[in-house]
Amino acid sequence: GQQGRRRGWAEPPPVFPDSRMPKKEPVAEIFESVSDGLKQLYRSKIRPIEEAYKFGEFYSPYMNDSDFDAKPMVLLLGQYSVGKTSFIKYLLGRDFPGAHIGPEPTTDRFIAVMHGQEDKTTPGNALAVSANMPFRGLEMFGNGFLSKFQGAQLDSPLLHHVTLIDTPGVLSGEKQRIGLRRSP
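Everything numeric in this text was worked out from a predicted model, so none of it was measured.

## Overview of the overall build of the protein chain
- A count of helices and strands for the protein chain gives seven helices and five strands.
- Beginning at the N terminus, the succession of helices and strands in the protein chain can be written as α-α-α-β-α-β-β-α-α-β-β-α.
- Expressed as a percentage of its 184 residues, the buried residues of the protein chain come to 26%.
- Considering only contacts within the protein chain whose residues lie at least 6 apart along the sequence, 70% involve residues at least 24 apart.
- Put simply, the protein chain shows about 13600 Å² of open surface, and 57% of that area lies on carbon and sulfur atoms.

What follows is the structure, given as structure tokens:
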């Protein structure tokens, strides 16, 4: 009676559809841009899972359209007084709001240099709560960080394609060691 059956199988193995059964053809969706396709994929597949497991409450906020539509960001990082702000001014061909240049460390905050119709600065806490800006995730760092973050908007052809982030300088290793020896 049990010949032909493997030991351990309670029932015969499942039968998979063969090539004679009609197959459902995948439907290709056409999007205007990769960003639009990613937004749709996120909304239809990923966001429902994030909501089911409350991912936005425990790890990072849910993504919105501004997160997908944001331009690439370039973070300039380096020791103080090496020319990060001057480099940004060179790329833009002009000064930007909030830029200070001098022999001593002058940039004391993170500045997101973005495109705008008129020259203006925006405080970091306002950028972090703005639904049309890609900085909502920075809220998790609190007011201590947001008080050292601001946006600078100006009209420059380069800023149609990229956002530049100017940073306060970091000390070199030697200067950090000297500072550590002096501290109690």
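Resuming the write-up.
## Some remarks on the environment of Leu77
- Its place among the elements puts Leu77 in the loop between strand 1 (73-75) and helix 4 (84-92).
- Exposure remark for Leu77: the relative accessible area of 61% places this residue in the exposed category.
- Those residues in contact with Leu77 that lie beyond four places of it in its chain are Lys84 and Thr167.

## Re the pairing of strand 4 (residues 149-154)
- Counting buried positions along strand 4 yields six of six residues, so the element is predominantly enclosed.
- Side-chain alternation along strand 4 places Phe149, Gly151 and Gln153 on one buried face and Gln150, Ala152 and Leu154 on a second face that is also buried.
- In this sheet, strand 4 lies alongside strand 2 (residues 110-115) in parallel orientation, the contact comprising six bridges. Directly across from Ile111, in strand 4, lies its bridge partner Gln150.

## Examining the packing of aromatic side chains
- In the structure shown here, the tally under the stated rule is six aromatic pairs.
- Here the aromatic residues Phe110, Phe135, Phe141, Phe145 and Phe149 are joined through ring pairs into a cluster of three or more.

## What to know about the pattern of salt bridges
- Evaluated as defined, the whole model comprises seven salt bridges.
- The salt bridge involving Asp95 is made with Lys89; its shortest N-O contact spans 2.4 Å.
- Via salt bridges that share partners, Asp36, Lys39 and Asp69 belong to a single interconnected network.

## Some remarks on the sheet that holds strand 3 (residues 120-123)
- Sheet architecture is open: five strands sit in the order 1-5-2-4-3, paired in mixed fashion. A strand with exactly one partner marks an edge of an open sheet, and here the two such strands are strand 1 and strand 3. Looking at each pair of strands side by side, their axes are set apart by 25° on average, direction ignored.
- With three bridges connecting them, strand 1 and strand 5 (residues 163-166) associate as parallel partners. If you follow Leu75 over to strand 5, its bridge partner there is Ile165.
- Sitting on the sheet, helix 4 is in contact with strand 2, strand 4 and strand 5, with an inclination near 155° to strand 5.

## Looking at the environment of Thr85
- Relative to the elements of secondary structure, Thr85 occurs in helix 4.
- The spatial distance from the C-alpha of Thr85 to the C-alpha of His100 is 7.7 Å, given a sequence separation of 15 residues.
- One polar contact links Thr85 to Asp166, side chain to side chain, over a distance of 2.5 Å.

## Quick look at a nonpolar patch on the surface
- On the surface, Val34, Leu38, Leu41 and Ile46 cluster together into a nonpolar patch covering about 370 Å² of accessible area.
- Mapping Leu38 onto the fold places it in helix 1 (residues 34-52).

## Overview of helix 1
- Over its 19 residues, helix 1 runs 26 Å from end to end, which matches the ideal 27 Å to within 8%, given 1.5 Å per residue.
- Along helix 1, the helix axis deviates most sharply at Ile46, where the bend reaches about 45°; the proline Pro48 sits within four residues downstream.
- For helix 1, the full list of buried residues reads Ser35, Gly37, Lys39, Tyr42 and Glu50.
- Elements in contact with the buried residues of helix 1: helix 2 (55-58) and helix 3 (65-69).
- Downstream of helix 1 by a residue or two, Lys54 has a phi angle that is positive, lying close to 55°.

Definitions and cut-offs
Residues numbered from 1 in each chain as written. Predicted model: local features only at pLDDT ≥ 70, side-chain atom pairs only at ≥ 80, totals over all residues. Heavy atoms only, no water. Helix = DSSP H or I, 4+ residues; strand = E, 2+ residues; numbered from the N terminus. Buried < 20%, exposed > 50% of the residue type's maximum accessible area, 1.4 Å probe, protein only. Contact = heavy atoms within 4.5 Å. Areas by Shrake-Rupley, 256 points an atom, 1.4 Å probe, with all protein chains shown as cover. Pairing = 2+ DSSP bridges. Phe/Tyr/Trp six-rings, centres within 6.5 Å; stacked < 30°, edge-to-face > 60°. Salt bridge = Lys/Arg side-chain N within 4 Å of Asp/Glu carboxyl O. Axes fitted to C-alpha atoms, helices over the stretch in contact; angles between N-to-C directions. Polar contact = N/O pair within 3.5 Å; in protein donor to acceptor, adjacent residues only side chain to side chain. Patch = residues over 30% accessible without salt bridge, like charges linked within 9 Å, V, L, I, M, F, W, Y side chains within 5 Å. Expected span 1.5 Å × (residues − 1). Bend = angle between axes of the 7 residues up to and from the residue.

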